[in-house]
Amino acid sequence: MTGEGGSARPRVAVVGGGLAGLAAALLAADGGAEVVLLETRPRLGGATASFDRKGLWVDTGQHVFMRCCTAYRGFLGRLGVEHLTTLQPRLDVEVLLGDRPGERARLRRTKTRLPAPLHLAPALLGYKALPVGQRVSAALAAFQIGRLDQRSPKVDGASFGDWLTAHRQGAVATEALWELLTVATLNAPAAEASLALAAKVVRSGLLERADAADIGWADVPLQQLHGEAAAKALADLGADVRTSVKVRQITRTDAGYELSITSGGTGRGDSDVLMADAVVLAVPPPAAAALLPPGAHPDPASLEGLGASPIVNIHMIFDRQVMDRPFLAATGSPVQWIFDRTGPSGLAGSGAAPPGSQYLALSQSAAAPWVDRPAAELGAEFVAETRRILPAARDAELVEVFVTRERTATFQQAPGSLALRAVAKTGLPGFALAGAWTDTGWPATMEGAVRSGLTAARETLASVGVHVGELETASGDVAWPRLRTTRARSDVPPASPGVPAQPPPPVPTPATVVTASDVATGDVATGDVAAGETDPANASARDQVGPGISDRPGTSPEGAPVPDRQGGDGRASDPEPNAISTGSSPA
């Protein structure tokens, strides 16, 4: 875009290369801005990425999405990678019954075309994890929760668990139905979850459209689906994507904003200054609080009140196929969701297991009870439980088990959290916030992250004269903003003329493999890995506690301390994900 009088294109700096930052950078570049994307780690993708473990591609969390996640699906469409995912033709979830080992229940949308919300009745009435009498009660409760006003402070201040109790949803219904959905999406048990966010999950996922809850997942490593695809798309638009860059300070100036940066992803590299007309800050709450310029937010310290909730993943490789579905849920068991990652991980060609082996990943949300336990204990406990509820695994040989931990996977989606979630627009012109933790109206999911990035980009672009419409249907039910580009405002002084020459955009290369150097706080990148707690790319036999379990928290395979999970500011990247679309838990 060229401004009035032939001035250079406005420069937009995006801090943070998670989904929120990628969506913001892509929309800003589409709008004609000169985009500079800054990410501390050597790769893009934030919490939705992958690392190479002895030739096996391991996702940093088990992220799925729903058909109702139209912005996220629009993001995939814009990147040209939607064909690398699978989306169910209709909702179909098989549930292992822990109190009846070997038996399964099924939540499946009927083939009969019924309008929403009537489509829900057959699925609930046939759900044998609930006693017959409770199925009707659950259907009525679903319709009632869908009518709540999620923007009401009173609704947000209440817990989902209290509401369920008040509406005669007992312990069995809470565990077998409601927490099956909301623990994954809210990363919290019902008793600790915001009623408002639970109402959003039920309304958008189950009630508004008959096909809204159809589940989708990636058929390739998340690094390929998000980070690599975004890097290519941004390079094609001429954006300057800089990884391994730490942002130390952001200062408002008469000409726009000054970003103090250090190369190498730490505070000890070469220092430089970047000037920008506008900024999107797409990092987690603590990092955002530290980088906000004066006047951007009335109380930056309050952002840290959102807290963090962990997710733990237990990865198992068996010497044969033990699961016949792409994923399974479980009730009456500590196991929550199990995913078959054999194909996307490249197990067959990795040499990590005998031919015919299967790689399963267990996603454990609301993981406070497990996150600090030794990897060896977790591995042994969950392998035994998987064999108990999944009969085909009982006689299979365990090739390996390892653990990954995401200590700050999402913010705490607790009662009262709405008041702490900042809106995209700040008190400074051309400065916006993004991240799944911001006030998107959605839980901390991939959908919420993408929506936050698009909203932040609209704010910053408007400040330099580029106006972008709201999400609009691009094809089918997939949404992406429509650009209404205008000439830049003449009263916005461009930063470009007075800026020292910037290095040219790097030639796009495949995403950097995550190895021990960017493994995070005791485990693995954007989360924590453990093999027991290593990025076991080169783990030796002495690291192994059991079949594939090592237990050396806080170190890389060579014993070197591992750094914290990083984001565009050098602290932590946007904790996108968790469920309905992200995150690391399923729904």
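Residues numbered from 1 in each chain as written. Predicted model: local features only at pLDDT ≥ 70, side-chain atom pairs only at ≥ 80, totals over all residues. Heavy atoms only, no water.

### Quick word on the sheet that holds strand 12 (residues 256-263)
Here is step 1: Overall, antiparallel pairing links the three strands, which are arranged 11-12-13 in an open sheet. Of all strands in the sheet, those with a lone pairing partner are strand 11 (245-253) and strand 13 (271-276), marking the two edges. Across the sheet, the mean angle from the axis of one strand to that of its neighbour is 25°, orientation sign disregarded.
Here is step 2: Pairing geometry for strand 12 and strand 13, over six bridges, is antiparallel. Its bridge partner lying in strand 13, S260 is registered against V273. (Pairing = 2+ DSSP bridges. Helix = DSSP H or I, 4+ residues; strand = E, 2+ residues; numbered from the N terminus. Axes fitted to C-alpha atoms, helices over the stretch in contact; angles between N-to-C directions.)

### Regarding the packing of helix 1 (residues 19-30) against helix 14 (residues 446-463)
Here is step 1: At their nearest, the axes of helix 1 and helix 14 sit 7 Å apart, and the two run at 40° to each other. With respect to helix 14, the element helix 1 is oriented oblique. Judged by the sense of rotation from one axis to the other, the crossing of helix 1 with helix 14 is right-handed. Along its contact with helix 1, which presents L19, A20, A23, A24, L27 and A28, the element helix 14 presents M446, A449, V450, S452, G453, L454, A457, R458 and L461. (Parallel < 35°, antiparallel > 145°, perpendicular 65-115°, else oblique. Left-handed = near helix turned anticlockwise from the far one by under 90°. Contact = heavy atoms within 4.5 Å.)

### Re helix 1
Here is step 1: Look at helix 1: 16 Å from first C-alpha to last across twelve residues, which is about the 16 Å you get at 1.5 Å a residue.
Here is step 2: Counting buried residues in helix 1 gives eleven out of twelve residues, a clear majority hidden from the surface.
Here is step 3: Listed in full, the buried residues belonging to helix 1 are L19, A20, G21, L22, A23, A24, A25, L26, L27, A28 and A29. (Expected span 1.5 Å × (residues − 1). Buried < 20%, exposed > 50% of the residue type's maximum accessible area, 1.4 Å probe, protein only.)

### Examining the side chain of S417
Here is step 1: Along the polypeptide, S417 turns up in the loop between strand 19 (398-410) and strand 20 (431-433).
Here is step 2: A relative accessible area of 4% means that S417 is categorised as buried.
Here is step 3: Apart from residues no more than four positions distant in its own chain, S417 is found in contact with D156, S194, L197, L306, F411 and Q412.

### What about the packing of helix 2 (residues 70-79) against helix 9 (residues 222-236)?
Here is step 1: As a packed pair, helix 2 and helix 9 sit with axes 9 Å apart at the nearest point and diverge in direction by 50°. Taken together, the axes of helix 2 and helix 9 are oblique relative to one another. Note on packing geometry: the crossing formed by helix 2 with helix 9 is left-handed. Two secondary-structure elements touch here, helix 2 through Y72, F75, L76 and L79 and helix 9 through L225, H226, A229, A230 and A233.

### Considering the environment of A308
Here is step 1: Position of A308 relative to the elements: it lies in the loop between helix 10 (285-291) and strand 15 (309-318).
Here is step 2: With near-sequence residues (within four places) excluded, A308 lies in contact with R407, T408, T410, F411 and Q412.

### Section: the confidence of the model for the protein chain
Here is step 1: Chain-level pLDDT for the protein chain is 83 on average; 79% of the residues reach the 70-or-more range.
Here is step 2: A low-confidence stretch, residues 1-6 stays under pLDDT 50, and its non-local contacts, those more than four residues away or across chains, total 21 contacts.
Here is step 3: Contacts from residues 486-587, a stretch scored under 50 in pLDDT, to residues over four places away or in other chains number 374 contacts. (pLDDT = per-residue confidence, 0-100.)

### Let's talk about the pattern of salt bridges
Here is step 1: Applying the stated criterion to the full structure yields 28 salt bridges.
Here is step 2: For the salt bridge of R106 with E94, the shortest nitrogen-to-oxygen distance reads 3.9 Å. Of this pair, R106 sits in strand 8 (residues 104-108) while E94 sits in strand 7 (residues 92-97), placing them twelve residues apart in sequence.
Here is step 3: Under the relative-accessibility criterion, E94 is labelled buried at 12%. (Salt bridge = Lys/Arg side-chain N within 4 Å of Asp/Glu carboxyl O.)

### Structural notes on the packing of aromatic side chains
Here is step 1: Counted by the stated rule, this structure contains ten aromatic pairs.
Here is step 2: Between F327 and F339, the aromatic rings sit 6.1 Å apart at their centres with planes inclined by 40°, giving tilted as the arrangement. With F327 in strand 16 (residues 327-331) and F339 in strand 17 (residues 337-340), this residue pair connects regions lying twelve residues apart in the sequence. Side by side, F327 and F339 carry an identical accessibility label, which is buried.
Here is step 3: Summarising the aromatic geometry, the rings of W370 and F382 are spaced 5.7 Å apart at their centres and angled 75° between planes, so their arrangement reads as edge-to-face. Here W370, found in the loop between strand 18 (358-364) and helix 13 (375-389), pairs with F382, found in helix 13; they are twelve residues apart in sequence, far enough to count as distant.
Here is step 4: Given the relative accessible area of 11%, W370 is considered buried.
Here is step 5: In this structure an aromatic cluster arises from ring pairing among W217, F327, W337 and F339.
Here is step 6: Positioned above the aromatic ring of W442 is the side chain of K200, whose terminal nitrogen or guanidinium carbon lies 4.3 Å from the ring centre. (Phe/Tyr/Trp six-rings, centres within 6.5 Å; stacked < 30°, edge-to-face > 60°. Lys NZ or Arg CZ within 6 Å of the ring centre and 35° of its normal.)

### With respect to the environment of L87
Here is step 1: Topologically, L87 is positioned in strand 6 (residues 85-87).
Here is step 2: A relative accessible area of 25% means that L87 is categorised as partly exposed.
Here is step 3: Counting along the chain gives 131 residues from L87 to A218, while the straight-line C-alpha distance between them is 9.1 Å.
Here is step 4: Other than its neighbours up to four places away in sequence, L87 contacts F65, R67, R73, D214, I215 and G216.

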